[in-house]
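Breakdown of the fold
Chain by chain, the residues:
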Amino acid sequence: MNRYDETAAETPGAAPERLVGAVADGEDSTVEAALRPKDLDEFVGQEKVRQQLDLVLKAARQRGATADHVLLSGAPGLGKTTLSMIIAAEMGAPIRITSGPAIQHAGDLAAILSSLQEGEVLFLDEIHRMSRPAEEMLYMAMEDFRVDVIVGKGPGATAIPLELPPFTLVGATTRAGLLPPPLRDRFGFTGHMEFYAPEELERVIRRSARLLDVEIDTGGAAEIAGRSRGTPRIANRLLRRVRDYAQVRADGVISREVAATALQVYEVDARGLDRLDRAVLEALLKLFGGGPVGLSTLAVAVGEERETVEEVAEPFLVREGLLARTPRGRVATPAAWAHLGLVPPQQGGGGSGGQQGLFGA
C-alpha cells in the first residue's frame, strides 16, 4: 500500500509515501529489524518511560510472575514496537505480534489467546482499531485470563469457559483517546512516547551508523537529526539516503556539508519540511496572504485531497508553529513567513487574504 503516514493509510486518496513519513514499509521494516536495540540499556530516549518500565519488569521477574499489561501510546516511529520486543526479551518470553485491524471477530482473538504459552507477550499494534466484539472479549482475558467461547446459535447457544495461561498484553496506539475507558483501565502500566530531542536523535543516528558501517562525524549526525521531525524512524531513513549520496557523490564520509547537500537533493529542508509541507505553506502565504483560508480551498490550491492536507501535512506544521487552525480557517504564523523568507502583508485594509476565509471550511 502506498501511504503518506498512518492516518493517511486509512483515508482514500492518500498520496505516495514520503521520505519523512513515519510509517515503515518494505525496506524500512527490514532495516528496522537490524537496527532495533535489544534491551532497555541500549534503548535511546524516552527516559521516563524506560525507567518506569524497567521497574515494572524487574519487580515482575523478582516475583516470578508475568509482567503487568502495558499500553504504549504516541505517534508512529517513536519505538512502541521496539519496546514491546524489549519487554519480551527482558522477561525471557516469546512474543506474538498482531494488529487491531487483523482482529475483526471475537473468534480471531480467541484463536490467538488460546494458543499463547504461559508468560508469552502478545503485542497488539493499533489496538484502537480492533472490532468491538473482540474488544469486549479482551476485557475478561486481561483481567481473569479466561474467555467464553460461544458454541452454536440462537436459544441453543452455549458459552464454554476457556482458561488461559497468564500472559502480558502490550497494546500500542497512535490515538489513545479512541480507547474505551474499560480497556484503558485494565492496563497496569501506561507509557506515552514523546517526540525526540535533536540530541537524542544524534545518538540514534550515530548508533545506526555504526551498525550500518557508515562513517559519520558529529556535524553530519546533527544535520540529519535536525531534519528528522523528532522521530527515530525518519532519522534512520534519512541516514540511509544520505549514506547513498555520500557513497556515490562524496568520499563515503557523512559530514554536515554532505548531509545538507544530500537532503537538499531529496527535498527535505532544514526544519524537516518536504515538498508537500512547503506546497501547503507557499499556497497559504503566496495565494491567500497568510489566511485565514478554508481547508477545502487550500487543498485545491496544492492539488491534493482535503484529507491529505488535514491528516498528513497539517499536524507537523501545527506542531512546528508554522500554521494555526482557527474557526475561520487556516492561518500562517510569523514563523512560516520567516521560514520561507517572505515578508507578511500589512495588517488591515481588507486585502484578499482576509476574504479567503469565506471559502471552504
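The preceding data block contains the structure.
The rules we used
Residues numbered from 1 in each chain as written. Predicted model: local features only at pLDDT ≥ 70, side-chain atom pairs only at ≥ 80, totals over all residues. Heavy atoms only, no water. Helix = DSSP H or I, 4+ residues; strand = E, 2+ residues; numbered from the N terminus. Buried < 20%, exposed > 50% of the residue type's maximum accessible area, 1.4 Å probe, protein only. Contact = heavy atoms within 4.5 Å. Areas by Shrake-Rupley, 256 points an atom, 1.4 Å probe, with all protein chains shown as cover. Pairing = 2+ DSSP bridges. Axes fitted to C-alpha atoms, helices over the stretch in contact; angles between N-to-C directions. Salt bridge = Lys/Arg side-chain N within 4 Å of Asp/Glu carboxyl O. Phe/Tyr/Trp six-rings, centres within 6.5 Å; stacked < 30°, edge-to-face > 60°. Lys NZ or Arg CZ within 6 Å of the ring centre and 35° of its normal. Parallel < 35°, antiparallel > 145°, perpendicular 65-115°, else oblique. Left-handed = near helix turned anticlockwise from the far one by under 90°. Patch = residues over 30% accessible without salt bridge, like charges linked within 9 Å, V, L, I, M, F, W, Y side chains within 5 Å. Lys, Arg positive; Asp, Glu negative; His and termini not counted. Charge placed at Lys NZ, Arg CZ, Asp CG, Glu CD. Polar contact = N/O pair within 3.5 Å; in protein donor to acceptor, adjacent residues only side chain to side chain. Core = buried A, V, L, I, M, F, W, Y, C linked by side-chain atoms within 4.5 Å.

Now for the overall build of the chain. Looking only at helices and strands, the chain features 15 helices and 11 strands. Considering the chain as a whole, with its 361 residues, one finds that 50% of them fall into the buried category. Residue pairs in contact within the chain that sit at least 24 positions apart in sequence constitute 69% of those at least 6 positions apart. With an accessible surface of roughly 16,700 Å², the chain has 51% of that area assigned to carbon and sulfur atoms.

Mapping Glu-135 onto the fold places it in helix 5 (residues 132-144). Residues Glu-135 and Leu-183, 48 residues apart in the sequence, show an inter-C-alpha distance of 7.7 Å. Once residues within four sequence positions are removed from consideration, Glu-135 is found in contact with Met-130, Pro-180 and Leu-183.

Let's shift gears to the sheet that holds strand 7 (residues 189-192). The 5 strands are arranged 2-3-6-1-7 in an open sheet whose pairing can be described as parallel. With partners counted over all chains shown, the strands left at the sheet margins are strand 2 (95-99) and strand 7, one partner each. If you compare each strand with its neighbour and ignore which way they point, the axes differ by 15 degrees on average. Across the face of the sheet, helix 2 (residues 47-63) comes into contact with strand 1 (70-73) and strand 7 while running at roughly 160 degrees to strand 7.

Attention shifts here to the pattern of salt bridges. Enumeration over the complete set of coordinates arrives at 18 salt bridges. The shortest N-O distance in the salt bridge between Glu-42 and Arg-207 comes to 2.6 Å. Separated by 165 residues along the polypeptide, Glu-42 in the loop between helix 1 (27-35) and helix 2 and Arg-207 in helix 7 (residues 198-211) bring together distant segments of the chain. Accessibility expressed as a relative area gives 32% for Glu-42, which makes it partly exposed. For Arg-186, the salt bridge identified is with Glu-143, shortest N-O distance 3.2 Å. Of this pair, Arg-186 sits in the loop between helix 6 (181-184) and strand 7 while Glu-143 sits in helix 5, and the two are 43 residues apart along the sequence. Each of Glu-223, Arg-227 and Arg-256 takes part in one network of salt bridges that share partners.

Applying the stated criterion across every chain yields a total of 1 aromatic pair. Considering the side-chain rings of Phe-145 and Phe-167, the 5.5 Å spacing of their centres and the 80 degrees angle between planes classify their relative orientation as edge-to-face. You can see Phe-145 sitting in the loop between helix 5 and strand 4 (146-151) and its partner Phe-167 sitting in the loop between strand 5 (158-163) and strand 6 (168-173), a full 22 residues away along the chain. A cation over a ring is seen here: Arg-229 above Phe-316, with NZ or CZ 3.7 Å from the ring centre.

With a phi close to 60 degrees, Asp-213 is a non-glycine residue in the positive phi region. Note on placement: Asp-213 falls in the loop between helix 7 and strand 8 (215-216). Its identity as a non-glycine residue notwithstanding, Arg-229 has a phi of 55 degrees, on the positive side. Looking at the secondary structure, you find Arg-229 in the loop between helix 8 (218-226) and helix 9 (232-249).

Here the focus is the packing of helix 7 against helix 8. It is at 8 Å that the axes of helix 7 and helix 8 come closest, and there the two elements cross at 120 degrees. Classified by the angle between their axes, helix 7 and helix 8 sit oblique to one another. Crossing hand, helix 7 versus helix 8: right-handed. Every residue of helix 8 that contacts helix 7 at Pro-198, Leu-201, Glu-202, Ile-205 and Arg-206 is listed here: Thr-218, Ala-221, Ala-222, Ile-224 and Ala-225.

So, about a negative patch on the surface. There is a patch of like negative charges on the surface, built from Glu-215, Asp-217, Asp-251 and Glu-257. Locating Asp-251 in the fold gives a position in the loop between helix 9 and strand 9 (253-254). Judged by relative accessible area, which is 64%, Asp-251 ranks as exposed.

Another point: the side chain of Ser-208. Its location among the elements puts Ser-208 in helix 7. Here the side chain of Ser-208 touches Asn-236 through a polar contact of 2.6 Å, side chain to side chain.

This part takes up the nonpolar core. Grouped together as the largest cluster of nonpolar side chains are 47 residues, with contacts concentrated most on Leu-83, Ile-205, Ile-216, Ile-224 and Ile-254. The element best represented in this core is helix 9, accounting for 7 residues. Beyond its immediate sequence surroundings of up to four residues, Ile-254 is in contact with Val-214, Glu-215, Ile-216, Asp-217, Gly-220, Ile-224, Leu-239, Val-242, Arg-243, Ala-246 and Ala-259.

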